[in-house]
Amino acid sequence: MYTSSVIGSRKRGAAADKAAGAVFFCCAAVSVAAVAAIAFYIILSGLPALGEIGMKEILMERVWKPGAERQRFGVLNMILASVEGTLLAAAIGMPIGVLTAVFLAEVSGPRAAGAVRTAVELLAGIPSVIYGLLGAYLLTPLVYKLERKLFAGSQGHQYTGGANLLSASLVLAVMILPTVINVSEAAIRRVPPDIRAASLALGASRTQTIFRAVLPAARPGITAAMVLGLGRAMGEATAILLVAGNSVNFPLPFRSVRFLTAAIVSEMGYAYGTHRQVLFTVGLILFLFIMLINVFLNRSLKKGAGQSG
Amino acid sequence: MRGEGAAGKKEHSGVVGAAGTQETEGAEKGFHRRKVYLEMLALLLATVWAGYALCRVWTEGIEQGQGIEQGQGIEQGHSGKGKGEGPAGDGMQGRLSGTVRMAGSTSMEEVVWALAEAFMEKYPDVTVTVEFVGSSAGAEAVIRGSADIGNLSRSISPEEEMLGLVENKVAVSGIAVCVDVSNPVAELTRGQLEDIYKGRITDWRELGGEELPVVTVGREAGSGTREAFEDALGLKDQCAYANEMDSTGAVMARVANTPGAIGYISSDAANGTVRILKLTDRETEEAGEPAEDPGKPSGDGREAVGSAEASVADGGRPAGQGEYVLSCPYIMVTKGEICAQSAPVQAWFAFVRSREGQDILKRILGPADE
């Protein structure tokens, strides 16, 4: 079966094999166990509140007053804020990210590409608190100016001082850029050169080739980039806490909003009893969203594999 | 080291194996894979179960631990009386060692640090750790047993009292209402302040300032300052905040950074980055602002002023002519009476109440406190 190897006798090799296999297996099991434990714990601790207060109130009511005499636990506004903020961030960040990827993969020379790539890598490494701080000090004053211009004559608008859904989305848009750029660049690079050559040979210009031939061919990968970006935006808390204003409101761009993640971060410290349980339910909702995003991701990746393979 | 070697060997023998018979390899692989899946599944179940069991045991342990702690606390209280004077008294100052863990109000940060530093200087072997997480989180930490002392900038709630917390009042501080430095408005009446936070006044023009939207900044729901503020104004759960910040410092930063913003902080935390507004008691009719419907503020309004004054009188601060102060108590809660606490914690309270501690409090909270 085994011929003896140069390294050692057959027996010792087999024993080492087994040991190494066990080590690899244990390492692999850690992440699986972590996911399983998180899922298990979140579901276990998120469900009681659903039963106690009722799914209808939690998911459909808008009033969130956990500290009042008569406690109200409507999470809908926060769910909407999270979803809307994430989508808005993708809407702003995706075009920028994808076009940057096009620049890197198709247009730029190696030196320019190197500079951009370094910047993108740096962007990916900046901690989210820094994004939040910069957002709070640089972005919110600008957004506040815009807000005052837009709502100059209007009655009944509560001014947010620039800490609102729009600011949060802008910060998130910048934060998802590295993910979007890296994944879509890889997707664009995977497009077979024949497609470009054929397009060019048919007389299409370079721009036409990019938009009509290369990007459609890279679509599954770009979708994956978007989904990954959405996941990143959805799960962000620290930066959001500093720029979203943090009052629970129906999410409009110039309204102060609280995201699901921000609610957990800012309230878990002092919450007790039902309030605490509801926060776990909020965690469960967030978890389900991330799972959903992952399902989409897998589907789009599979589609990509199916197309190119 | 060893793992690396093993890994290397595996790779090599794997290569050799691949060069050998292909068929057995394939069959073995299939079997192996099935086995791996099975093992994986078993391990997964085991981990999850173990984790669950651990959690169970742990939380039960904490509950029991709390029970025991409480029981012991009472016993200690009895036996402690004898030696209770020990740490508080003179003799063993230098030798006292241990930790005092505190958690709570962000607005008490300055006071607590000043006290802690002086305390640790006096008792070099005692470590004081402080977390600034907000009043309610501080109370929660003491109930859970993860802190010895909870710093609260509000009175304790009946539920917290039921859970065994004891209120130890340390000082009375004011709540300052602040705006950004470029705001020309210098004073507000009670009614105006109420209307601002209820969202009825939305422009500084209505308050005699320039045309600038009002941005109401407040604290998160677990904040003691917020509770004290809303209680004093009779606005519990009625405030329409544009921004809710997680700490006193964040409120100040936000207000300093936003033209037209208004916020509230504990007055000893105030620094030059924001301007403190003077609060007046009388209803003024300036800048064409008609007095708010007269019935309203005199009703629940007067009452709250009374309570503010009462606690002010409590703290010894005279309410000046027409001026009034929003105050919040600084409280250090313990689980059970002070005499039932550990020696360092008892020493802490003795220190805070000593002349030295009081001097520090006076220095930070201002002479008005005495």
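Please read all numbers here as calculations on a predicted model, not as lab measurements.

Procedures and definitions
Residues numbered from 1 in each chain as written. Chains lettered and ligands numbered in written order. Predicted model: local features only at pLDDT ≥ 70, side-chain atom pairs only at ≥ 80, totals over all residues. Heavy atoms only, no water. Helix = DSSP H or I, 4+ residues; strand = E, 2+ residues; numbered from the N terminus. Buried < 20%, exposed > 50% of the residue type's maximum accessible area, 1.4 Å probe, protein only. Contact = heavy atoms within 4.5 Å. Areas by Shrake-Rupley, 256 points an atom, 1.4 Å probe, with all protein chains shown as cover. Phe/Tyr/Trp six-rings, centres within 6.5 Å; stacked < 30°, edge-to-face > 60°. Lys NZ or Arg CZ within 6 Å of the ring centre and 35° of its normal. Buried area = accessible area lost by both parts, 1.4 Å probe. Salt bridge = Lys/Arg side-chain N within 4 Å of Asp/Glu carboxyl O. Polar contact = N/O pair within 3.5 Å; in protein donor to acceptor, adjacent residues only side chain to side chain. Nonpolar A, V, L, I, M, F, W, Y, C, P; charged D, E, K, R; others polar. pLDDT = per-residue confidence, 0-100. Core = buried A, V, L, I, M, F, W, Y, C linked by side-chain atoms within 4.5 Å. Domains from an automatic or database assignment. Pairing = 2+ DSSP bridges. Right-handed = clockwise from strand over helix to strand, strands pointing away. Patch = residues over 30% accessible without salt bridge, like charges linked within 9 Å, V, L, I, M, F, W, Y side chains within 5 Å. Axes fitted to C-alpha atoms, helices over the stretch in contact; angles between N-to-C directions. Parallel < 35°, antiparallel > 145°, perpendicular 65-115°, else oblique. Left-handed = near helix turned anticlockwise from the far one by under 90°. Lys, Arg positive; Asp, Glu negative; His and termini not counted. Charge placed at Lys NZ, Arg CZ, Asp CG, Glu CD.

### Some remarks on the overall build of chain B
Secondary structure assignment for chain B yields eleven helices and twelve strands. Expressed as a percentage of its 370 residues, the buried residues of chain B come to 46%. In chain B, once contacts between residues fewer than 6 apart in sequence are set aside, the share between residues at least 24 apart is 76%. In the form shown here, chain B has an accessible surface area of approximately 17800 Å², with 56% of it arising from carbon and sulfur atoms.

### Focus on the packing of aromatic side chains
What the rule picks out here adds up to twelve aromatic pairs over all chains. A centroid spacing of 5.0 Å and a plane angle of 70° characterise the contact between Y197(B) and F229(B), whose relative ring orientation is edge-to-face. Placement of Y197(B) in helix α6 (residues 190–198) and of F229(B) in helix α7 (residues 224–233) is noted, with a sequence separation of 32 residues between them. With respect to class, Y197(B) is no different from F229(B); both count as buried. Here the aromatic rings of Y197(B) and Y241(B) are separated by 5.8 Å at their centres, their planes lie at 70°, and the arrangement is edge-to-face. Taken together, the positions of Y197(B) in helix α6 and Y241(B) in the loop between α7 and β8 (243–245) put the pair 44 residues apart, joining distant regions of the chain. An identical accessibility class is assigned to Y197(B) and Y241(B); each is buried. Following the ring pairs from residue to residue traces out a cluster consisting of F119(B), Y123(B), W348(B) and F351(B). Above the plane of the ring of Y144(A) lies R148(A), whose end atom (NZ or CZ) is 5.6 Å from the centre.

### Overview of the interface of chain B and chain A
Taken together, the contacts link 44 residues of chain B with 47 residues of chain A. Here chain B and chain A share an interface that buries about 3900 Å² over both sides, 61% of which is from carbon and sulfur atoms. Here chain B and chain A share one salt bridge between them. Its salt-bridge partner being E244(B), residue R258(A) comes within 2.9 Å of it at the nearest N-O pair. Counting the contacts that link chain B with chain A gives eleven residue pairs in polar contact (both at pLDDT 80 or more). Sorting the residues of the side of chain B that touches chain A by element identifies α1 (2–19), α2 (22–88), α4 (135–144), β7 (215–219), β8 and α8 (248–257) of chain B as the ones contributing at least two each. Here the side of chain B that touches chain A takes nine residues from α2(B), the largest share from any one element. In terms of residue class, the side of chain B that touches chain A is made up of 20 nonpolar, ten polar and 14 charged.

### Remarks on the confidence of the model for chain A
The predicted model of chain A has a mean per-residue pLDDT of 89, with 94% of residues at 70 or higher. The weakest mean pLDDT in chain A belongs to helix α12 (residues 274–308) of chain A at 84; the strongest belongs to helix α6 (residues 165–190) of chain A at 95.

### Digging into unusual backbone geometry
Residues and elements named next belong to chain A. In the Ramachandran plot, N246 falls in the positive-phi region, its phi being about 70° despite a non-glycine side chain. As for its position among the elements, N246 is in the loop between α10 (238–243) and α11 (260–267). For N246, a relative accessible area of 2% gives the class buried.

### Notes on the nonpolar core
One finds V75(A), I188(A), F259(A) and L260(A) to be the most contacted residues of the largest nonpolar core, which totals 63 residues. Shared between two domains, this core takes at least three residues from each, and those domains are domain 1 (1–53) and domain 2 (75–308) of chain A. In contact with V75(A), not counting residues within four places along its chain, are E57(A), I58(A), E61(A), W64(A), L260(A), V278(A), V282(A) and I285(A). Among the nonpolar cores identified, the runner-up in size contains 57 residues, and V185(B), L277(B), V352(B) and L361(B) belong to it.

### Some details on the pairing of strand β2 (residues 126–132) of chain B
Residues and elements named next belong to chain B. Both strand β1 (residues 98–104) and β2 contribute to a ladder of seven bridges, which runs parallel. Considered in β2, the bridge of V100 is made with V128. Note on the crossover from β1 through helix α3 (residues 109–122) to β2: the handedness is right-handed.

### Considering the pairing of strand β12 (residues 326–335) of chain B
Residue and element names in this part refer to chain B. Among the ten residues of β12, ten are classified as buried, and the element is accordingly described as predominantly covered. Because side chains alternate across β12, one face comprises the buried residues L326, C328, Y330, M332 and T334, and the other comprises S327, P329, I331, V333 and K335, equally buried. Note that strand β3 (residues 149–152) and β12 share three bridges and pair antiparallel. Across the sheet, L152 pairs through a bridge with I331, a residue of β12. Direction of pairing for strand β5 (residues 169–180) relative to β12: antiparallel, over a ladder of six bridges. Bridge pairing links I175 to L326 in β12.

### Remarks on a nonpolar patch on the surface
On the surface, I126(A), V129(A), I130(A), L133(A), L134(A), Y137(A) and L138(A) cluster together into a nonpolar patch covering about 610 Å² of accessible area. Locating L134(A) in the fold gives a position in helix α5 (residues 128–150).

### Here we look at the confidence of the model for chain B
Residue and element names in this part refer to chain B. On average, chain B scores 74 in pLDDT, and the residues at 70 or more come to 68%. Within chain B, β3 carries the highest mean pLDDT (93), whereas helix α9 (residues 295–315) carries the lowest (38). Per-residue pLDDT stays below 50 along residues 63–92; that stretch engages in 22 contacts with residues further than four places along the chain or on separate chains. Below a pLDDT of 50 lies the segment residues 284–319, which in the model reaches 46 contacts outside its immediate sequence neighbourhood of four places, other chains included. For this predicted complex, the interface confidence score (ipTM) comes to 0.78, while the overall pTM stands at 0.73.

### With respect to α7(B)
All names here are of chain B. α7 sits mainly inside the fold: eight of its ten residues count as buried. The complete set of buried residues in α7 reads G224, T225, R226, A228, F229, E230, A232 and L233. Measuring from the side-chain oxygen of the N-cap residue of α7 to the backbone nitrogen of T225 gives 3.1 Å; that N-cap residue is S223. Positive phi appears at G234, one or two residues downstream of α7, with a value of about 65°.

### Brief notes about the packing of helix α3 (residues 76–107) of chain A against α6(A)
Two numbers describe a pair of packed helices, the interaxial angle and the distance between the axes. Residues and elements named next belong to chain A. It is at 5 Å that the axes of α3 and α6 come closest, and there the two elements cross at 40°. On the basis of their axis angle, the class for α3 and α6 is oblique. For the crossing formed where α3 meets α6, the hand is right-handed.

### Focus on the environment of R72(A)
All names here are of chain A. Structurally, R72 can be placed in strand β2 (residues 72–73). Classification of R72 by relative accessible area gives partly exposed; the value is 23%. Distance in space between the C-alpha atoms of R72 and L138 is 35 Å, their sequence separation being 66 residues. Filtering out sequence-adjacent residues up to four positions away, R72 remains in contact with E57, E61, V63, W64, K65 and P66.

### Looking at α4(B)
Residue and element names in this part refer to chain B. Of all ten residues making up α4, nine are buried, and the element is well covered by its neighbours. What α4 keeps buried is the set S135, S136, A137, G138, A139, E140, A141, V142 and I143. After α4 finishes, the residue G145 shows a positive phi value of roughly 90°.

### Points about a positive patch on the surface
Residues and elements named next belong to chain A. Taken together, R219, R299, K302 and K303 make up a surface patch of like positive charges. Take the positive patch: its biggest share by element is three residues, from α12. If you trace the backbone, R299 turns up in helix α12.

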